[in-house]
Amino acid sequence: MTDPTGAGPTPAGLDLDRLADHLARRPDLAVGPLRARLIAGGKSNLTYLLHVGDRELVLRRPPLGHVLATAHDMAREFRVISALAPTEVPVPGALLLCTDPEVIGAPFYLMERVTGVVLRTRAQTDPLGTRVRHDLAMAMMDTLAALHRVEPAAVGLADFGRPEGYLERQVRRWAGQLERSRSRPLPGIDELRDRLAATVPADANAGRIVHGDYRLDNLLATVDPVAVRAVLDWEMATLGDPLADLGLLLTYWDVLGGSETAEGNPVADGLGPRAGFPTGAELIARYADRSGVDVGPLHWHVALGCFKLAVICEGIHYRHTLGQTLGEGFDRIGEMVAPLIAYGLTAAGER
């Protein structure tokens with residue numbers, strides 16, 4: 001991972017002394033002085049680059065403060081990247097899981113550091129040129145298709161979720177998360193929730209491994225050659241309908257990617273067609289060709305993606321008002337909720 005954003009002997013959210021004591025039980029990991037730097041934080045699980053002697057590892061733990069129920073599950077992330085290691089899906093090597101919150105103040109896991117770059121801003125992607133941006137988008141879709149082709153039972157994930165009723169549970173889950181994060185009036189969001197609940201499509205594709213937050217800046221990539229080196233941030237992974245991944249990706253790509261609100265925002269900086277990438281329709285065609293998944297009623301899944309992302313942004317906004325986000329730009333997260341609701345209502349009304 002690249003471009004750490006913080007430094008110091010004791011980064012926020014990480015007790016290095018207690019971590020060093022814990023790692024001392026693992027001679028294969030504790031091989032020298034321990035230092036750490038915060039890579040990214042605030043809007044999702046916190047991620048740190050660890051220097052253990054001459055070796056570099058990555059540590060993940062939940063965010064500080066207000067944490068929604070069932071979110072930020074370290075054991076879940078660790079299990080899925082361990083299971084996917086022998087597949088075509090590129091993931092970091094899983095090294096150590098600690099579920100004891102007494103060690104650093106929260107459960108955490110360690111994984112191998114994978115070299116590459118996280119592309120999340122126009123400043124990064126504008127200089128790449130049309131061909132590289134096209135190839136990156138296609139590699140992103142090929143990797144998503146590879147994930148959805150994996151048979152869960154073949155990698156020990158047959159019990160990783162309950163595919164039956166997945167979409168109904170998604171609506172209920174995010175409706176519940178909304179109530180836990182609601183701190184201000186949100187016109188239209190209750191109507192969007194009710195429309196989704198009343199029009200849930202059949203789970204025709206149920207039973208695939210779903211990432212839960214698949215997008216360009218949850219990938220580690222290289223641009224010469226163009227390749228996806230690792231898929232990151234598996235905290236919402238489960239078994240369900242893969243169109244949920246595609247719908248959310250299109251929400252980032254076409255909705256936020258087409259909105260000035262997203263520019264300079266830490267959730268999405270307008271990456272999509274406005275930034276010289278292929279259109280959402282091209283992404284859908286590539287995915288359908290590679291995955292064998294029937295894209296079916298994709299408009300409903302885009303509406304669900306808008307609802308889900310609106311709830312996530314509202315949760316981040318709430319944490320920001322409590323002073324519990326790390327990093328810059330989170331004061332603007334709340335601005336993204338209204339356009340997401342509006343687009344979601346439009347998508348939910350399509351046939």
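Placed above this text is the structure.
All values reported here derive from a predicted model rather than from experimental measurement.

Right, let's talk about the pairing of strand β8 (residues 226–231) for a bit. Two strands pair when backbone bridges link them, and strand β7 (residues 219–223) and β8 are joined in this way by five bridges, in the antiparallel orientation. The partner of alanine 221 across the bridge, within β8, is valine 228. Connecting β7 to the antiparallel partner β8 that follows it, the hairpin turn spans two residues.

On to the packing of helix α7 (residues 243–256) against helix α9 (residues 298–321). Put simply, α7 and α9 touch, their axes get as near as 7 Å, and they point 70° apart. Between α7 and α9, the interaxial angle falls into the category roughly perpendicular. Where α7 crosses over α9, the handedness of that crossing is right-handed. Taking contact as the criterion, the partners of Leu243, Ala244, Leu246, Gly247, Leu248, Leu250, Thr251, Tyr252, Val255 and Leu256 in α7 are, on α9, Leu298, His301, Val302, Gly305, Cys306, Lys308 and Leu309.

Now for the pairing of strand β3 (residues 55–61). Within β3, five of the seven residues are buried, which leaves it mostly tucked inside the rest of the structure. With seven bridges connecting them, strand β2 (residues 46–52) and β3 associate as antiparallel partners. Within the sheet, the bridge partner assigned to histidine 51 lies in β3 and is glutamate 56. Bridge count for β3 against strand β5 (residues 108–112) is four bridges, and the pairing is antiparallel. Considered in β5, the bridge of arginine 60 is made with tyrosine 109.

Glancing now at the nonpolar core. One finds Leu84, Val89, Met140, Trp234 and Phe307 to be the most contacted residues of the largest nonpolar core, which totals 89 residues. Here this core gets 13 residues from one element, more than from any other, and that element is α9. Those residues within four positions of methionine 140 in sequence are excluded, and the remaining contacts are Tyr214, Arg215, Leu216, Leu219, Val228, Leu249, Trp253 and Leu283. Membership of the second largest hydrophobic core comes to 21 residues, among which are Leu16, Leu34, Leu46 and Ile104.

Before going further, it helps to examine the side chain of glutamate 235. Note on placement: glutamate 235 falls in the loop between β8 and β9 (238–240). Polar contacts involving the side chain of glutamate 235 include one to the side chain of asparagine 45, which spans 3.2 Å.

Once that is clear, we can look at the environment of arginine 131. The topology assignment puts arginine 131 in helix α4 (residues 130–149). Here arginine 131 falls in the exposed class, since its relative accessible area comes to 57%. For the pair formed by arginine 131 and proline 278, sequence separation is 147 residues and the distance between their alpha carbons is 10.0 Å.

Buried residues of helix α6 (residues 189–198): Ile189, Leu192 and Leu196, and no others. Projected down its long axis, α6 shows its buried positions confined to an angular sector of 55°, all on one face. Considering only its buried residues, α6 is in contact with α5 (166–181), α9 and α10 (337–348).

Once that is clear, we can look at the packing of aromatic side chains. Summed over the entire model, instances satisfying the criterion amount to two aromatic pairs. Consider the rings of phenylalanine 78 and tyrosine 109, whose centres lie 5.9 Å apart with planes at 70°: the pair is edge-to-face. Here phenylalanine 78 is found in helix α2 (residues 74–84), whereas its partner tyrosine 109 is found in strand β5, with 31 residues between them in sequence. Here phenylalanine 78 falls in the buried class, since its relative accessible area comes to 17%. Measuring from ring centre to ring centre gives 5.2 Å for tryptophan 253 and phenylalanine 277, while their planes differ by 70°; the resulting arrangement is edge-to-face. Separated by 24 residues along the polypeptide, tryptophan 253 in helix α7 and phenylalanine 277 in the loop between α7 and α8 (280–291) bring together distant segments of the chain. Per residue, the accessibility class of tryptophan 253 equals that of phenylalanine 277, and both read buried. Over the aromatic face of phenylalanine 160 sits the side chain of arginine 76, whose NZ or CZ is 4.0 Å from the ring centroid.

It is worth spelling out the environment of leucine 309 at this point. By the element assignment, leucine 309 lies in helix α9. Residue leucine 309 is classed as buried on the basis of its relative accessible area, which comes to 1%. Separated by 58 residues in the primary sequence, leucine 309 and threonine 251 place their C-alpha atoms 8.2 Å from one another.

The rules behind each value
Residues numbered from 1 in each chain as written. Predicted model: local features only at pLDDT ≥ 70, side-chain atom pairs only at ≥ 80, totals over all residues. Heavy atoms only, no water. Pairing = 2+ DSSP bridges. Helix = DSSP H or I, 4+ residues; strand = E, 2+ residues; numbered from the N terminus. Axes fitted to C-alpha atoms, helices over the stretch in contact; angles between N-to-C directions. Parallel < 35°, antiparallel > 145°, perpendicular 65-115°, else oblique. Left-handed = near helix turned anticlockwise from the far one by under 90°. Contact = heavy atoms within 4.5 Å. Buried < 20%, exposed > 50% of the residue type's maximum accessible area, 1.4 Å probe, protein only. Core = buried A, V, L, I, M, F, W, Y, C linked by side-chain atoms within 4.5 Å. Polar contact = N/O pair within 3.5 Å; in protein donor to acceptor, adjacent residues only side chain to side chain. Arc of directions from axis to C-beta. Phe/Tyr/Trp six-rings, centres within 6.5 Å; stacked < 30°, edge-to-face > 60°. Lys NZ or Arg CZ within 6 Å of the ring centre and 35° of its normal.

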